[in-house]
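# Inside the fold
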Amino acid sequence: MTEKTPPNRLARETSPYLRQHADNPVDWYPWGPEALDRARREDKPIFLSIGYSTCHWCHVMAHESFANPAIAALMNEHFINIKVDREERPDLDETYMTAVQLLAGTGGWPMSVFLTPDLKPFYAGTYFPPEDRGGFTGFPRLLLALNQIYRQNREKLVDLSEKVTEQLKILAARPGAAPELTQAQVAAAAQRLKEDSDRRHGGFGGAPKFPRALELGFLLNQARSQKDAGAQEIVGFSLEKMARGGIYDQVGGGFHRYTVDGVWLVPHFEKMLYDNALLTPLYLALFQLTGREFSRRIAKETLDFVLRELAAPQGGFYAALDAESDGEEGKFYLWSREELEKVVGPELAPLARVALGVTAGGNFEGKNILTRPFSLNDLATRFSQPREQLEGQLHLARERLGQARATRVRPHRDGKIITSWNGLMISALALGAQVLGEDKYYAAAAKAARFILTDLFREDGLYRIWAAGQVSIPGFLEDYAFLANACLDLYETDFDPAWLAMAKRLADLMESRFLDPEDGTYFYVAQNQEATLVRSKNVYDQAIPSGNSMAARVCLRLHRCTEQEAYQERAKAILSRFQPQAAENPWGFAHLLTVLDLYLTPPVELTLVGDPQHPRMREMLKIIYGHFLPARRLLRKNPADCAALEELAPAVRYLTPQEEGPTAYLCHNFTCRPGITDPQDLAEQLAGLS
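Residues numbered from 1 in each chain as written. Predicted model: local features only at pLDDT ≥ 70, side-chain atom pairs only at ≥ 80, totals over all residues. Heavy atoms only, no water.

### What about the packing of aromatic side chains?
Applying the stated criterion across every chain yields a total of 26 aromatic pairs. Taking 6.4 Å as the distance between ring centres and 55 degrees as the angle between the ring planes, the aromatic pair formed by Trp-31 and Tyr-96 counts as tilted. Remark: Tyr-96 occurs in helix 5 (residues 90-104) and Trp-31 occurs in the loop between strand 1 (28-30) and helix 2 (33-42); sequence separation between them is 65 residues. By relative accessible area, which is 0% here, Tyr-96 ends up buried. Site record: aromatic cluster; members linked through ring pairs are Trp-28, Phe-47, Phe-66, Phe-79, Phe-114, Tyr-123, Phe-128 and Phe-139. (Phe/Tyr/Trp six-rings, centres within 6.5 Å; stacked < 30°, edge-to-face > 60°. Helix = DSSP H or I, 4+ residues; strand = E, 2+ residues; numbered from the N terminus. Buried < 20%, exposed > 50% of the residue type's maximum accessible area, 1.4 Å probe, protein only.)

Following this line, the structure appears as structure tokens:
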């Protein structure tokens with residue numbers, strides 16, 4: 001009988017990812033003084049392994065190498081081994097990912113970096129197999145070789161580490177400000193993205209294929225601000241292709257991380273909170289623009305998936321669902337033809353097979369990833385039945401599949417609550433409540449925000465992580481910025497001035513803790529926190545917006561609410577600083593370009609004044625929520641209780657309801673129109689905005 005390895009130090013951590021490695025025979029340390037002091041004291045190089053709990057190849061390397069006693073013995077003898085959850089420490093992930101790209105030419109997770117005791121990288125890669133395989137050096141041979149070089153030819157490694165560190169510092173220093181911010185530069189960036197779009201399958205590029213929500217969001221913004229029908233067509237086509245493909249869970253709703261192919265069929269089956277938070281508003285916006293029920297359905301199903309599977313009981317949302325269940329990637333989501341037919345029943349099986357793309361041979365390793373290759377109109381023609389009848393039958397079939405799937409072994413859920421990702425989800429839910437008119441989305445958004453502001457906001461500031469009942473890791477720039485933006489979206493949903501006040505407070509804390517006074521942008525790590533090797537600015541929009549681009553958005557929105565010029569100047573400083581790079585590389589700055597477009601677009605300033613419970617007030621709000629107005633600034637004043645709002649937004653002081661009742665005041669393009677009391681008049685004026 002094999003003796004079980006006693007838990008290592010990671011058993012004391014709250015991160016689900018770190019705890020997954022608690023039974024490894026590797027003498028793991030979490031990042032901290034104990035490990036770093038030992039490396040310096042014993043003059044040992046550091047092996048830094050960075051990953052996250054739903055990363056498939058992280059699991060593979062852990063199983064093959066970190067759980068292997070012989071390989072673990074080599075690691076323990078020659079290195080100080082540190083394991084980091086990238087979702088807890090995005091600052092370390094960003095710095096050392098750049099180093100991996102410099103040293104290896106590519107990056108990804110698991111991230112494997114070898115450091116000198118003073119934390120400077122000298123060798124790096126991603127996944128290493130347990131033996132030489134397919135042109136890759138086996139991990140044991142690599143460990144022995146690096147240890148030998150470190151002991152016998154250290155000068156070479158130290159020299160390389162110094163050069164990499166110097167390059168990191170150069171990359172952290174950004175070029176100077178642009179002389180002028182212009183719409184022409186935004187339009188040129190949009191044109192580049194349109195030219196790079198995949199007109200056959202939607203989205204951008206080939207395999208592996210990511211949703212690229214920020215790029216699609218930028219084009220959707222251009223569709224509205226510049227009346228760019230081509231941009232809207234690209235976005236609409238891409239969103240439909242994704243929602244019909246295997247990247248979308250056709251039974252339970254919600255999007256997987258990406259597909260390994262270029263046609264949206266075979267996903268990497270993990271589901272991330274942030275992907276679903278960023279994609280939902282795109283489907284909501286498309287529904288506002290087109291009125292298509294398809295877009296509404298996908299938005300609603302995605303939000304319902306999050307509430308059902310990622311909502312924490314106390315408030316907030318968990319980080320992710322793993323790709324694996326019962327040790328197999330995708331097993332939870334796959335169906336044989338026979339299994340599907342048995343579950344849905346003989347009366348629904350013919351329709352379900354065709355509607356969900358199911359065949360006897362399958363489309364993935366003999367099983368079927370469910371898709372929606374046909375529209376309801378196509379199915380109605382094929383089956384000679386009314387569309388509404390088919391829709392009801394399909395709903396019933398999917399319901400039965402969901403009930404059957406619920407009995408399977410579920411994928412692991414990463415139980416961390418991450419402040420920044422929750423900020424994105426709170427915004428998506430608030431927008432869902434507005435556009436779909438369902439109070440449950442507002443209730444979940446407000447509950448999550450209150451949980452974070454109660455449990456993760458202390459006297460010394462905002463914290464990033466809640467896991468296993470414990471709060472850890474001081475908040476980074478993105479945590480403050482994303483949560484502030486969410487508070488603004490909550491204000492535009494329930495009009496409680498406390499949300500507006502909290503957004504302002506978070507923005508002011510960003511200013512005091514993260515501002516670089518030399519150029520007016522923000523550091524990623526607070527000035528009173530330790531930064532490793534370099535103090536980066538978190539410039540690039542990647543899977544989620546950068547801290548700086550979201551900070552610019554928050555400041556722009558706050559200026560339009562409060563009319564405080566300091567917020568406008570802060571937004572302009574960020575946009576000016578990074579605009580030259582954004583013009584050259586729209587792929588790395590899609591959200592910043594969106595904010596730049598909003599900055600250059602005259603806002604749609606709407607103020608509703610009157611009794612919040614008046615039926616006409618509710619009708620006006622429904623009309624406003626029905627329009628896609630990304631440059632919207634929306635305030636609501638209740639004359640019976642307006643002191644708090646007037647303190648925050650002085651412009652509302654002189655606005656009063658007219659005798660006819662609730663009144664909408666609309667200002668656009670530097671022109672204010674007479675008060676509007678007729679909801680139909682408001683609808684016509686919004687529809688006519690240029």
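Now that the structure is up, let's keep going.
### Describing the state of the cysteines
Each disulfide consists of a covalent bond between the sulfur atoms of two cysteine residues. If you walk through the whole model with that rule in mind, you get two disulfides. Linked covalently through their sulfurs, Cys-55 and Cys-58 form a disulfide whose S-S length is 2.4 Å. Because the torsion about its S-S bond is 80 degrees, the bridge between Cys-55 and Cys-58 counts as right-handed. In this structure Cys-55 comes out as buried when scored by relative accessible area, which is 3%. Judged by its relative accessible area of 3%, Cys-58 is buried. Across the disulfide, Cys-667 is cross-linked to Cys-672 (sulfur-sulfur distance 2.1 Å). The sign of the S-S torsion, about 105 degrees, decides the handedness of the disulfide formed by Cys-667 and Cys-672: right-handed. Judged by its relative accessible area of 57%, Cys-672 is exposed. Taking only the cysteines that form disulfides and numbering them from first to last, the protein chain has the pattern 1-2, 3-4. No disulfide involves Cys-642; its nearest neighbouring cysteine sulfur is the one of Cys-561, lying 16 Å away. (Disulfide = S-S within 2.5 Å.)

### Re the sheet that holds strand 3 (residues 80-85)
The strands that make up a sheet pair up through hydrogen bonds in the backbone, lying either parallel or antiparallel. What the five strands build is an open sheet, ordered 1-3-2-4-5; its pairing is mixed. Whereas interior strands pair on both sides, the edge strands pair on one side only; in this sheet they are strand 1 and strand 5 (121-125). Sheet twist, expressed as the mean angle between neighbouring strand axes with direction ignored, is 25 degrees. Bridge count between strand 4 (residues 111-115) and strand 5: four bridges; the pairing is antiparallel. Across the sheet, Leu-115 pairs through a bridge with Pro-121, a residue of strand 5. Relative to the sheet, helix 6 (residues 139-152) contacts strand 2 (46-51), strand 4 and strand 5, its axis offset from that of strand 4 by approximately 15 degrees. (Pairing = 2+ DSSP bridges. Axes fitted to C-alpha atoms, helices over the stretch in contact; angles between N-to-C directions. Contact = heavy atoms within 4.5 Å.)

### So, the environment of Thr-656
In this fold, Thr-656 is placed in the loop between helix 25 (643-648) and strand 20 (663-668). On a C-alpha basis, the gap between Thr-656 and Lys-440 in space is 32 Å, while along the polypeptide they are 216 residues apart. If we ignore the near neighbours within four places in the chain, the residues touching Thr-656 are Val-609, Thr-663 and Tyr-665.

### A look at the pairing of strand 12 (residues 413-418)
Bridge count between strand 9 (residues 318-321) and strand 12: three bridges; the pairing is antiparallel. Bridging across to strand 12, Leu-321 finds its partner in Arg-413. Relative to strand 14 (residues 461-467), strand 12 runs antiparallel, the two being bridged by two bridges. Each bridged residue has a counterpart across the sheet, and for Ile-417 the counterpart in strand 14 is Trp-466.

### Quick look at the environment of Phe-457
Within the secondary structure, Phe-457 is located in strand 13 (residues 457-458). Remark: the alpha-carbon pair of Phe-457 and Val-471, spanning 14 residues in sequence, is separated by 9.6 Å. Those residues in contact with Phe-457 that sit more than four places away from it in its chain are Ile-452, Leu-462, Met-502, Arg-505, Leu-506 and Leu-509.

### Observations regarding the packing of helix 5 against helix 7 (residues 154-172)
Between helix 5 and helix 7, whose axes approach to 10 Å, the crossing angle comes to 120 degrees. With respect to helix 7, the axis of helix 5 lies oblique. Taken as a pair, helix 5 and helix 7 cross one another with a handedness that is right-handed. In this structure, helix 5 uses Thr-95, Thr-98, Ala-99, Leu-102 and Leu-103 to contact helix 7, whose residues at the interface are Leu-160, Val-164, Gln-167, Leu-168 and Leu-171. Residue composition of the contact of helix 5 with helix 7, grouped by class: seven nonpolar, three polar and no charged. (Parallel < 35°, antiparallel > 145°, perpendicular 65-115°, else oblique. Left-handed = near helix turned anticlockwise from the far one by under 90°. Nonpolar A, V, L, I, M, F, W, Y, C, P; charged D, E, K, R; others polar.)

In short, the description is geometric, and any link to function would need to be established separately.
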